[in-house]
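# Chains, contacts and geometry: an overview
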Amino acid sequence: LAKTTQPISMDSYEGQEVNITCSHNNIATNDYITWYQQFPSQGPRFIIQGYKTKVTNEVASLFIPADRKSSTLSLPRVSLSDTAVYYCLVGPPLLYNQGGKLIFGQGTELSVKP
Amino acid sequence: DVKVTQSSRYLVKRTGEKVFLECVQDMDHENMFWYRQDPGLGLRLIYFSYDVKMKEKGDIPEGYSVSREKKERFSLILESASTNQTSMYLCASNPRGQTYEQYFGPGTRLTVT
């Protein structure tokens, strides 16, 4: 099973770029990496996913090195509304009939200050 | 927008009671999931279903069962609630073949006394 490790918390200021790293040393060959954002009293919300190298969408970038033992979520120019908990998820493309498991990290609490 | 709704935001039950948590999604998704979220432990998968009447155990299925009689509805059942099942329960759904971009409901905060 690919256990994940993230920093418990991070602080930043508005306008800065924030990078949150997730360590997953035992990632399996067919595992994908997904990041979620969660605000208090809400369910998590999908941000981005990737398998290798770099993925970018309208809200974030995901950097995955060649060995795939870690990944970095990059949030450009954060605002106060980006204050949330960010989860790294590592899991296989098919859950059923493979015995694969979805492993969520413990989450990183990002606090953005004015 | 995808909408995943859960029957209650807050629920208080007594030890030994049978508890039903209901989840409904309106986007015709094949996959549905139940998680519990606890401080320091993150989200842990309890059960998931990839089709009507189909279910697979997740990481922590002990003490829980599920039911999927209709495509849009996925129920989590605590046969005999215990205090260690006090938690936030989250339901999610997504289309077949898309394991990672899941759409979550708002959660049910269950307290077992």
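All figures in this text were calculated on a predicted structure; none of them were measured in a lab.

## Some points on the overall build of chain B
In terms of regular secondary structure, chain B is built from zero helices and 11 strands. Listed by position from the N terminus, the elements making up chain B come as β-β-β-β-β-β-β-β-β-β-β. Relative to the 2.2 N^0.38 estimate, which gives 13 Å for 113 residues, the radius of gyration of chain B is 13 Å and therefore close to what a compact globule would have. Projected onto its principal axes, the C-alpha coordinates of chain B cover approximately 40 × 25 × 25 Å. Among the 113 residues that make up chain B, the fraction classed as buried is 50%. Restricting the contact set of chain B to residue pairs at least 6 apart, pairs at least 24 apart contribute 56%. Here chain B contributes 16 positive and 15 negative side-chain charges, whose respective centroids are spaced 5 Å apart.

## What to know about the layout of surface pockets
The computed volume of the largest pocket comes to approximately 600 Å³. As for the largest pocket, its lining consists of 27 residues, and the residues nearest its centre are Gln-38, Pro-40, Val-85 and Tyr-87 of chain A together with Gln-37 of chain B. Elements with a minimum of two residues in the lining of the largest pocket: strand 8 (84–91) and strand 10 (108–113) of chain A together with strand 4 (31–38) and strand 9 (87–94) of chain B. By residue class, the composition of the lining of the largest pocket is 12 nonpolar, 11 polar and four charged. Reported here for the second largest pocket is a volume of approximately 440 Å³. Pro-44, Arg-45 and Phe-46 of chain A together with Gln-102 and Tyr-103 of chain B are the residues nearest the centre of the second largest pocket, which is lined by 22 residues in total. Mapped onto the lining of the second largest pocket, the elements with two or more residues apiece are strand 3 (32–38) and strand 4 (45–50) of chain A together with strand 10 (103–104) of chain B.

## Section: the interface of chain B and chain A
Across the contact, 23 residues belong to chain B and 23 residues belong to chain A. Run the count over chain B and chain A and you get zero salt bridges. Counting every contact that joins chain B to chain A gives five residue pairs in polar contact (both at pLDDT 80 or more). Counting only elements with at least two residues in the side of chain B that touches chain A, the list comes to strand 4, strand 5 (42–51) and strand 6 (54–57) of chain B. Ranked by residues supplied to the side of chain B that touches chain A, first place goes to strand 5 of chain B with five residues. Tallied by class, the residues present in the side of chain B that touches chain A amount to 10 nonpolar, seven polar and six charged.

## Some words on the environment of Tyr-35 of chain B
Residues and elements named next belong to chain B. Along the polypeptide, Tyr-35 turns up in strand 4. Counting along the chain gives 24 residues from Tyr-35 to Leu-11, while the straight-line C-alpha distance between them is 16 Å. For Tyr-35, the side chain forms a polar contact with the side chain of Gln-102, separated by 2.9 Å.

## Remarks on the side chain of His-29 of chain B
Residues and elements named next belong to chain B. Turning to its location among the elements, His-29 is positioned in the loop between strand 3 (19–25) and strand 4. When its relative accessible area of 5% is taken as the criterion, His-29 is described as buried. At a separation of 3.4 Å, a polar atom in the side chain of His-29 contacts the main-chain amide nitrogen of Asn-94.

## Digging into the sheet that holds strand 2 (residues 18–23) of chain A
Sheet strands line up and pair through hydrogen bonds in the backbone, either parallel or antiparallel. Residue and element names in this part refer to chain A. Strand order across the open sheet formed by four strands is 2-7-6-5, with antiparallel pairing between neighbours. Both outer strands of the open sheet, strand 2 and strand 5 (53–56), are each paired with one neighbouring strand and no more. Taking the axes of each pair of neighbouring strands and ignoring which way they run, one obtains an average angle of 15° across the sheet. Here strand 2 runs beside strand 7 (residues 70–75); their pairing, made up of six bridges, is antiparallel. Looking at strand 7, one finds that Val-18 is bridged to Leu-75.

What counts, and where the lines are drawn
- Residues numbered from 1 in each chain as written.
- Chains lettered and ligands numbered in written order.
- Predicted model: local features only at pLDDT ≥ 70, side-chain atom pairs only at ≥ 80, totals over all residues.
- Heavy atoms only, no water.
- Helix = DSSP H or I, 4+ residues; strand = E, 2+ residues; numbered from the N terminus.
- Rg over C-alpha atoms; globule rule 2.2 N^0.38 Å.
- Buried < 20%, exposed > 50% of the residue type's maximum accessible area, 1.4 Å probe, protein only.
- Contact = heavy atoms within 4.5 Å.
- Lys, Arg positive; Asp, Glu negative; His and termini not counted.
- Charge placed at Lys NZ, Arg CZ, Asp CG, Glu CD.
- 1 Å grid on protein atoms, 1.4 Å probe; cavity = no way out; pocket = protein on both sides within 12 Å on 5 of 7 lines; lining within 4 Å.
- Points joined across faces, edges and corners; volume = space filled by probe spheres on them.
- Nonpolar A, V, L, I, M, F, W, Y, C, P; charged D, E, K, R; others polar.
- Salt bridge = Lys/Arg side-chain N within 4 Å of Asp/Glu carboxyl O.
- Polar contact = N/O pair within 3.5 Å; in protein donor to acceptor, adjacent residues only side chain to side chain.
- Pairing = 2+ DSSP bridges.
- Axes fitted to C-alpha atoms, helices over the stretch in contact; angles between N-to-C directions.

Shape descriptors only; they carry no functional weight alone.
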